[in-house]
Amino acid sequence: MTPVVLIAEELAPAAIDVLAQEFDVRHVDGTDRAALLSALAEAHAVIVRSATQIDAQAIAAAPRLKVVARAGVGLDNVEVPAATARGVMVVNAPTSNIVSAAEQAVALLLAVARNTAAASASLKAGEWKRSKYTGVELQGKTVGVVGLGRIGVLFAQRIAAFGTRLIAYDPYIQPARAAQLGIRLVGLEELLRESDFISIHLPKTPETIGLIGPKELQIVKHGVRIINAARGGLVDEQALADAIAEGRVAGAGIDVYAKEPCTASPLFGFDNVVATPHLGASTHEAQDKAGLAVARSVKLALQGEFVPDAVNVQAGGVVAEDVRPLLPLAEKLGRVFTAVAGGVAANVTVEVRGEVVANDVSVLKLAATKGLFASVVEEQVTYVNAPHLAADRGVEVALATSPETIDHPNLISVRGALPDGRVVSVSGTYLPGPREAVKLTELDGFDLELDAVGILLFFRYVDRPGVVGAIGTLLGEAGVNIAAMQVARREAGGEALMTLTVDNRVTPELLANAAEAIGASAASTVDLTD
């Protein structure tokens, strides 16, 4: 069945084209609740912007849902905890609109400084009042930047070109980093007292809501102009209107509001307030970038791959290019471990060796955890819910790293102890190059050289003549073709491990019959079909 991608709001045509190549793309009006809930019943992915609410009810209405994508930065309209509980990945486009948002803040600041909007409206109304709309220059002024995230930095870099002095408040950035940007870090109160212009660039969190309220507006520098193109609610709109009415604040540029859509605000009655309807991301470039970014993320999610922009994945963030090819290996090792163990381990250690550990390899632990539970739970196992599945079952998954390895450029091992005291281990490596390959190199101390692809069978037995022939005959009679076979042993007549790659799935009955036929002490199968 072709996965269904439901688009609930307007999306860039280029993004739709990308999705339509591989998926069944359907459209629905996300603001029509009944239509949305009905359409979600068959959706594997849903893409929204800001108007569609994806809450617990919507997620419950979508039993096949694997990913919710927000074509933008914020996630105010997506109930992330409900999605996480269901193993549904939530992605957004965190860098798609940062340039547009920074430029919008600059535009509002300039418009407020020069009374551009009010002067334009006056002239269009038939008035010529030059002196009424006298503004101020930016050169030599102090601009306070509240929040030095990506957008705040872009804003600061642009506004510095006007010859301004820059100060900033951000408790999460190091002074040395701010100094590199030519910005002096100060406390919030000092910023409020010194700034001629204040521009806010913070996320909306319980700590930042109402950050600039009545108390803060009492201590601002007289004649300050305030810009908020970040999130509604960071500035108390009524308190700001009061400060403007009293003359303490000379003007404001506002693009966002506590409740949106907003068509009535105490700020709208002032000529020295430039108000826009949340246009921070409303450029053709930002919309194209957001659409294409979430389209790529949706493709990765529906293919079961790691998604760098997933907000509810514990190892979220950019995965280094050296690490990314190891993700399938780690997941396959987890699958093999569980198949050989025959159940869930009490604790597991994922060990990564080689130069690759110079990067952040925590995502490899996550991938291995995903593999550990892929065949033992009924619900879909994703990068989102794999850690929760482990925690719910009391399985501790640890990560160990070492830059040293022998015989292989990189090596991942999954080792764990079972409740009955048995210890199981499986190792593998990724071989780069034109004929890149993922290989199993070790299983419970037996050396292997086996491609980690297709359907694999494992038999543990006492080494003796005739076993290989017996297995070949039995599988042949059952119509199961053997693609590859390998036998490993420590000594003649001792314990041996036979591994086979076969073209057909083997039923539990056939596996048990084969094990009995050769007197195997253990037999298992795992499907590593890509």
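The coordinates are above.
Owing to the predicted nature of the structure, the values given are computational and were not obtained by experimental measurement. (Residues numbered from 1 in each chain as written. Predicted model: local features only at pLDDT ≥ 70, side-chain atom pairs only at ≥ 80, totals over all residues. Heavy atoms only, no water.)

Asks: Describe the sheet that holds strand β21 (residues 495–502), with residues and values.
Replies: Read from one edge of the open sheet, four strands run β20-β21-β19-β22, paired in antiparallel fashion. Edge positions in the open sheet fall to β20 (482–489) and β22 (522–528), since each of these has one partner strand only. Neighbouring strand axes in the sheet, compared pairwise and without regard to direction, differ in orientation by 15 degrees on average. Of the pairings in the sheet, the one linking β20 to β21 comprises seven bridges and is antiparallel in character. (Pairing = 2+ DSSP bridges. Helix = DSSP H or I, 4+ residues; strand = E, 2+ residues; numbered from the N terminus. Axes fitted to C-alpha atoms, helices over the stretch in contact; angles between N-to-C directions.)

Asks: Describe the environment of leucine 202, naming the residues involved and giving the relevant values.
Replies: Residue placement: leucine 202 occurs in the loop between β9 (197–200) and α10 (214–217). Separated by 119 residues in the primary sequence, leucine 202 and glutamate 321 place their C-alpha atoms 30 Å from one another. Leucine 202 has contacts with Val146, Gly147, Thr208, Leu211, Ala230, Arg231 and Leu234, leaving out every residue within four places of it along the chain. (Contact = heavy atoms within 4.5 Å.)

Asks: Describe the nonpolar core, with residues and values.
Replies: Grouped together as the largest cluster of nonpolar side chains are 80 residues, with contacts concentrated most on Met89, Val298, Val336, Phe337, Leu364, Leu440 and Phe458. If one sorts the elements of this core by residue count, helix α13 (residues 326–341) sits on top with ten residues. When neighbours within four sequence positions are excluded, methionine 89 is seen to be in contact with Lys66, Val67, Val68, Ala301, Val307, Ala310, Asn312, Val313, Tyr383 and Val384. Grouped together as the second largest cluster of nonpolar side chains are 29 residues, Val220, Ala239, Ala243 and Ile244 included. (Core = buried A, V, L, I, M, F, W, Y, C linked by side-chain atoms within 4.5 Å. Buried < 20%, exposed > 50% of the residue type's maximum accessible area, 1.4 Å probe, protein only.)

Asks: Which residues make up the packing of aromatic side chains, and what values do they have?
Replies: Tallied over the entire structure, the rule returns one aromatic pair. Pairing tyrosine 257 with phenylalanine 268 gives two aromatic rings, centres 5.8 Å apart and planes at 85 degrees, and the pair type is edge-to-face. Here phenylalanine 268 lies in the loop between β11 (249–254) and β12 (273–275) and tyrosine 257 lies in the loop between β11 and β12, a separation of eleven residues in the sequence. When the ring centre of tyrosine 383 is taken as reference, the NZ or CZ atom of lysine 370 above it lies at 5.3 Å. (Phe/Tyr/Trp six-rings, centres within 6.5 Å; stacked < 30°, edge-to-face > 60°. Lys NZ or Arg CZ within 6 Å of the ring centre and 35° of its normal.)

Asks: An account of a nonpolar patch on the surface is needed here, citing residue identities and associated values.
Replies: A cluster of nonpolar side chains, Val468, Met485 and Val487, forms an exposed patch at the surface whose accessible area comes to about 200 Å². Relative to the helices and strands, valine 468 is located in helix α16 (residues 467–477). (Patch = residues over 30% accessible without salt bridge, like charges linked within 9 Å, V, L, I, M, F, W, Y side chains within 5 Å. Areas by Shrake-Rupley, 256 points an atom, 1.4 Å probe, with all protein chains shown as cover. Salt bridge = Lys/Arg side-chain N within 4 Å of Asp/Glu carboxyl O.)

Asks: A description of the side chain of serine 199 should follow, citing residues and the corresponding values.
Replies: Inspection of the secondary structure assignment puts serine 199 in strand β9. Once you skip the residues sitting within four places of it in the chain, serine 199 turns out to touch Ala105, Gly144, Val145, Val146, Phe155 and Ile227.

Asks: Before we move on, can you summarise the sheet that holds strand β7 (residues 165–169) with the specific residues and values?
Replies: Judged by pairing direction, the sheet is parallel, and its seven strands sit side by side in the order β8-β7-β6-β9-β10-β11-β12 without closing on themselves. Each edge of the open sheet is held by one strand with a lone partner, namely β8 (184–185) and β12. As defined by bridge partners, strand β10 (residues 224–228) adjoins β11 across five bridges and the pair is classed as parallel. Paired with isoleucine 227 across the strands is glycine 253, a residue of β11. Packed onto the sheet, helix α7 (residues 150–160) meets β6 (142–146), β7 and β9 and runs at close to 170 degrees relative to β6.

Asks: Go over α13 with me, naming the residues and quoting the values.
Replies: Here α13 contains 16 residues, and its C-alpha end-to-end distance of 22 Å stays within 8% of the 22 Å for a straight helix at 1.5 Å per residue. The buried count for α13 comes to 14 of 16 residues, which makes it a mostly enclosed element. The first or second residue beyond α13 is glycine 342, which carries a positive phi of 75 degrees. (Expected span 1.5 Å × (residues − 1).)

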